Number of protein chains: 2
Amino acid sequence: MHISKSSCRIFFISLCGLFTAGTIPVAYAFDAFKPLPLTPIIPKDNPQSAPKVDLGKQLYFDPRLSVNGAVSCNTCHNLMAGGDDGRAVSVGAVGKAGTRSAPTLWNVSYETVYFWDGRAKSLEAAIKEHLLDQTVMAMPDAATLTNRFNSIPGYKREFDYVFDGPSGVSLDNTAKALASYIRTLSTRDSAFDRYLQGDKDAISASAEKGFQDFIATGCAACHFWVNMAGPVPGLAFKMGEGFYELFPNWLGSKYDEQYHLTDDLGRYAFDKNPKHKHLFRVPTLRNIAMTAPYFHNGSVKTLEQAVRVMAKTQIKRNLTDQQVNDIVAYLKTLSGQFPPQLMPRLPPAPGQSVYK
Amino acid sequence: MHISKSSCRIFFISLCGLFTAGTIPVAYAFDAFKPLPLTPIIPKDNPQSAPKVDLGKQLYFDPRLSVNGAVSCNTCHNLMAGGDDGRAVSVGAVGKAGTRSAPTLWNVSYETVYFWDGRAKSLEAAIKEHLLDQTVMAMPDAATLTNRFNSIPGYKREFDYVFDGPSGVSLDNTAKALASYIRTLSTRDSAFDRYLQGDKDAISASAEKGFQDFIATGCAACHFWVNMAGPVPGLAFKMGEGFYELFPNWLGSKYDEQYHLTDDLGRYAFDKNPKHKHLFRVPTLRNIAMTAPYFHNGSVKTLEQAVRVMAKTQIKRNLTDQQVNDIVAYLKTLSGQFPPQLMPRLPPAPGQSVYK
């Protein structure tokens, strides 16, 4: 995989320059933020359908996707909450802890690369990696998953119907159904979205000042566009895959050691490209107030401190307490409306244990 | 705690005698089974209310009830499935496994003692024990729970409203809200319930034969009344607390060793009463086809084998394969209608991690 990092960086630098110079017209700054489009990009080889989404929803909440029934997707990406698990790092089915914090899955379909290092180019690929990852679902292989779900009559029927059976159950189709469901997970109509759409009373004076600071200090250079996570190829900008940034961008602050910021080599650990040391996917800020603790390692427990650390390490700014409070007030306006969800019924394996 | 075991035993023996002798009129046998009453017994000190049930539902699905956010009530008692976790034994928040299999919580409110050994006399007491049990939620103490939920504004508001604040958050009130929600969990209108109510086509010929075998062989001596778990004091019979039985009742079968049936000392381990060695609460059979694996230790993986083992160890009968198949067909008619459940939204702690 190759990412056109140079174009990202050039884009970053221009935006950053514009924003930090404080020369951009307000209209332009507003143009850098958009409500979520009605639909994310749907891959041609996995079109949405209601039965597929229903199947994906069942699978999402079904712990039988893990080797021993200990965890479901929802364990670490809790949709009844902010779409994460509120833990620094998650612990998978067999008790092994990961090294990076589980991100929210709300609005994740408006991104184009997955994992903190962007190593998966599709939701489907990311899901398959999760299923077979021994620190996550810990399935030993695709055959175990296929055999298990074929043994559950309701699932076999649904898979065969959705994927035009008779061998509908497969690792690929499991990932496709899950991805289809996850693509429905959007939180629209945040206070900030209403503000963008002209309702100037939708956010407080402090949040409005925070939004101005967010632009003026340079936060918006990375956290912009529909998901406050940089441009989305296909939906607007023609760019490389994902939108990456060094973290820390400016080394040497006290935070490096305090929060172990340099321990994780980021994308380099995946592709061994020396230019990718400490490079991470820019994460969404939607619902950020609901997903503490913060950063790839979950090392920072409060949003206030996360704002301070980001300002210092990414744009070399010391914010005043007032600026921090205002920016946090702004970030809290990014919590959207969570669509009501009916709990799925998980098809039983009548009279049978599915575990070894 | 003292249970009036003698009355249970006498009752058991008379019923068993009636049933196994095959002398009871069909009408009497039918009278031993009832659809669930419209409401379970509601304790005077914890009346039901809609806001309390809503709060309890949020708590039920909230992993913040566990010390580190690893598990919620629903992890081991999965209401999207049969109300259990399908595992032999569950693993709690800090990775410790229990020694007894998590029972279903569907219809649990129609019982009067809780845990396999009946050591809790109320749902509230059982819940409090779970919260502080280091193999389950692993909360270090009540103060940790109270402080945590007081730090979550939405929860503090709800607790104060439901329990007439200003100090609504407490271990006791957490248990009360959870118990109120759990008391709403009934699965009515199973095929067998419809059969009991006169719809003779509601179950198959094999299931009907299985029901007759279930009575004639003596299974119904313990598994009868509204929850197929023995009498319910207060709802009908005036008896002691719960309905217990020795397991194994008849020692010496090959199953003792194969399924480690004698390892667990049952109620004796709780009260050290020598008469209570291997004494267990009779579990409900409602939705039994959805809660494999079986028995207090989860050692038997299929319902067929569970029926064989029960017949041999409890009533000293060797069933034919046909009898086993018919009884299993009958047991499958006990799966009820699961009421649709909207997922709760879990109140956020904006910008704060609640974990140490």
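Worth saying up front: this structure is predicted, and the values here are computed from it rather than measured.

Student: Can you tell me about the overall build of chain A, naming the residues and giving the values?
Tutor: Looking only at helices and strands, chain A has 14 helices and 2 strands in total. Scored against the burial criterion, the 356 residues of chain A give a buried share of 58%. Pairs at least 24 residues apart make up 71% of the contacts formed inside chain A by residues separated by at least 6 positions. With an accessible surface of roughly 14,200 Å², chain A has 57% of that area assigned to carbon and sulfur atoms.

Student: If you had to explain helix H14 (residues 321-332) of chain A to someone new, which residues and values would you point to?
Tutor: Residue and element names in this part refer to chain A. With 12 residues, H14 should reach 16 Å at 1.5 Å per residue; the first-to-last C-alpha distance of 16 Å fits that figure. Restricting attention to buried positions, one finds in H14 the residues Gln-323, Val-324, Asp-326, Ile-327, Val-328, Ala-329, Tyr-330 and Leu-331. Elements in contact with the buried residues of H14: helix H9 (191-196), helix H10 (205-217) and helix H13 (303-315).

Student: Can you tell me about the packing of helix H13 (residues 303-315) of chain B against helix H14 (residues 321-332) of chain B, naming the residues and giving the values?
Tutor: Residues and elements named next belong to chain B. The interhelical angle for the contact between H13 and H14, taken along N-to-C directions, is 115 degrees, at an axis separation of 9 Å. Classified by the angle their axes make, H13 and H14 are roughly perpendicular. The chirality of how H13 crosses H14 is right-handed. Counting all contacts with H13, which are made through Leu-303, Glu-304, Val-307 and Arg-308, the residues of H14 involved are Asp-321, Val-324, Ile-327, Val-328 and Leu-331. Looking at side-chain class alone, the contact of H13 with H14 contains 6 nonpolar, no polar and 3 charged residues.

Student: Quick one: what's the story with the side chain of Arg-183 of chain A, residue by residue and with numbers?
Tutor: Along the chain, the position of Arg-183 of chain A falls in the loop between helix H8 (171-182) and H9. With residues near it in sequence (within four places) discarded, Arg-183 of chain A still touches Pro-40, Ile-41, Ile-42, Pro-43, Asn-46, Gln-48, Ser-109, Leu-123 and Glu-124 of chain A.

Student: Outline the relation of the copies chain A and chain B, supporting the account with residue identities and numerical values.
Tutor: Note on the copies: chain A fits chain B at an RMSD of 0.0 Å, the axial shift is 0.0 Å, and the rotation between them is 180 degrees. The superposition operator between the copies reduces to a two-fold rotation axis. Of every C-alpha in chain A, the one belonging to Leu-342 of chain A sits nearest the axis of rotation, 2.2 Å from it. Here 100% of the interface residues in chain A have copies in chain B that are interface residues too; the copies meet face to matching face.

Student: Lay out the interface of chain A and chain B in plain terms, naming residues and giving numbers.
Tutor: Contact with chain A, which involves 42 residues of that partner, is made by 42 residues of chain B. Put simply, chain A and chain B have 0 salt bridges between them. On inspection of chain A and its partner chain B, the count reaches 18 residue pairs in polar contact (both at pLDDT 80 or more). Looking at the side of chain A that touches chain B, its residues break down into 23 nonpolar, 11 polar and 8 charged.

Student: Describe in detail the confidence of the model for chain A, supporting the description with residues and values.
Tutor: Residues and elements named next belong to chain A. For chain A, the mean per-residue pLDDT works out to 91, and 90% of the residues sit at or above 70. When the criterion is pLDDT under 50, residues 1-14 qualifies, and its contacts beyond four places in sequence or with other chains add up to 34 contacts. Both scores are available for the predicted complex, with the pTM at 0.94 and the ipTM at 0.93.

Student: Describe helix H3 (residues 50-60) of chain B, with residues and values.
Tutor: Residue and element names in this part refer to chain B. Burial analysis of H3 places 8 of its 11 residues in the buried class, which makes it a mostly covered element. Burial in H3 covers these residues: Lys-52, Val-53, Leu-55, Gly-56, Lys-57, Gln-58, Leu-59 and Tyr-60. Lining the buried residues of H3 we find helix H4 (73-76), helix H6 (142-150), helix H7 (153-162) and helix H8 (171-182).

Student: Requested: an account of the pattern of salt bridges, with residues and values cited.
Tutor: Oppositely charged side chains are able to pair whenever their charged atoms sit close together. All names here are of chain B. Applying the stated rule across the entire model yields 28 salt bridges over all chains. A salt bridge links Lys-156 to Asp-160; its shortest N-O distance comes to 2.6 Å. Note that Lys-156 and Asp-160 are positioned in helix H7 at a spacing of 4 residues, about one turn of the helix. Residue Asp-160 is classed as buried on the basis of its relative accessible area of 18%.

Student: Outline the side chain of Thr-313 of chain A, listing residues and values.
Tutor: Residue and element names in this part refer to chain A. Within the secondary structure, Thr-313 is located in helix H13. With relative accessibility at 0%, the residue Thr-313 sits in the buried group. Here the side chain of Thr-313 touches Gln-314 through a polar contact of 3.3 Å, side chain to side chain. Residue contacts for Thr-313: discarding those within four places in its chain leaves Phe-247, Pro-248, Asn-249, Trp-250, Ser-253, Tyr-255, Asp-256 and Leu-261.

Student: Quick one: what's the story with the packing of aromatic side chains, residue by residue and with numbers?
Tutor: Aromatic ring pairs are defined here through the distance separating the ring centres and the angle between the ring planes. Under the criterion given, the structure shown has 38 aromatic pairs over all chains. Plain terms: the ring middles of Tyr-60 of chain B and Tyr-181 of chain B are 5.5 Å apart, the flat faces sit at 65 degrees to each other, and that makes the pair edge-to-face. Here Tyr-181 of chain B lies in helix H8 and Tyr-60 of chain B lies in helix H3, a separation of 121 residues in the sequence. Residue class for Tyr-60 of chain B comes out buried when judged on its relative accessible area of 0%. Taking the centre distance of 6.3 Å and the plane angle of 50 degrees together, the rings of Tyr-155 of chain B and Phe-159 of chain B count as tilted. Remark: Phe-159 of chain B and Tyr-155 of chain B occur in helix H7; sequence separation between them is 4 residues, near one turn of the helix. Chaining the aromatic ring pairs together yields one cluster made of Phe-33, Phe-192, Tyr-195, Phe-211, Phe-214 and Tyr-330 of chain A. Here the guanidinium or amino end of Lys-277 of chain A rests over the ring plane of Tyr-268 of chain A, the centre of that ring lying 4.9 Å away. Here Lys-272 of chain B stacks its cationic end above the ring of Tyr-268 of chain B, 5.6 Å away from the centre of that ring.

Rules used throughout
- Per chain, the residues get numbers from 1 upward, laid out in the order the sequence is written.
- Chain letters and ligand numbers both follow the written order, the letters beginning at A and the numbers at 1.
- Local features are withheld for residues below a pLDDT of 70 in this predicted model, meaning they are given only at 70 or higher, and side-chain atom pairs are given and counted only at 80 or more; totals for whole chains, interfaces and linings count all residues.
- Only hydrogens and water are set aside when side-chain values are computed; all heavy atoms of the structure are taken into account.
- Helix and strand definitions here come from DSSP, where helices need a minimum of 4 consecutive H or I residues and strands a minimum of 2 consecutive E residues; each element is numbered from the N-terminal end.
- For every residue, the accessible area (1.4 Å probe, protein chains only) is compared with the maximum for its type, and the residue is labelled buried under 20%, exposed over 50%, or partly exposed between those bounds.
- By the convention used here, residues are in contact when the closest approach between their heavy atoms is within 4.5 Å.
- Methods summary: accessible areas were calculated by the Shrake-Rupley approach with a probe of 1.4 Å, and residue burial reflects only the protein chains presented.
- By this rule, a helix spans an expected 1.5 Å times one less than how many residues it contains.
- The axes used here are C-alpha line fits, helices contributing only the stretch in contact, and every angle between their N-to-C directions lies in the interval 0 to 180 degrees.
- What sets the label is the angle itself: under 35 degrees gives roughly parallel, over 145 gives roughly antiparallel, 65 to 115 gives roughly perpendicular, and the rest give oblique.
- What makes a crossing left-handed is the near helix being turned counterclockwise from the far one by less than a right angle; a clockwise turn instead makes it right-handed.
- Each residue is assigned to one class: nonpolar for Ala, Val, Leu, Ile, Met, Phe, Trp, Tyr, Cys and Pro, charged for Asp, Glu, Lys and Arg, and polar for all the others, Gly among them.
- Copies are brought into register by a least-squares superposition over C-alpha atoms of residues with pLDDT of at least 70 in both.
- We define a salt bridge as a contact between a side-chain nitrogen of Lys or Arg and a carboxyl oxygen of Asp or Glu at a distance within 4 Å.
- Under the rule applied, a polar contact is a pair of N or O atoms within 3.5 Å (in protein, one hydrogen donor and one hydrogen acceptor; residues adjacent in sequence only if both atoms are side-chain atoms).
- Each residue carries a pLDDT score, the predictor's own confidence in it, on a scale running from 0 to 100.
- Between rings of Phe, Tyr and Trp, where Trp is taken as its six-membered ring, a pair exists when centres lie within 6.5 Å; planes separated by under 30 degrees are stacked, by over 60 edge-to-face, and by other angles tilted.
- Either the NZ atom of lysine or the CZ atom of arginine qualifies as a charge over a ring when it sits within 6 Å of the ring centre and within 35 degrees of the ring normal.

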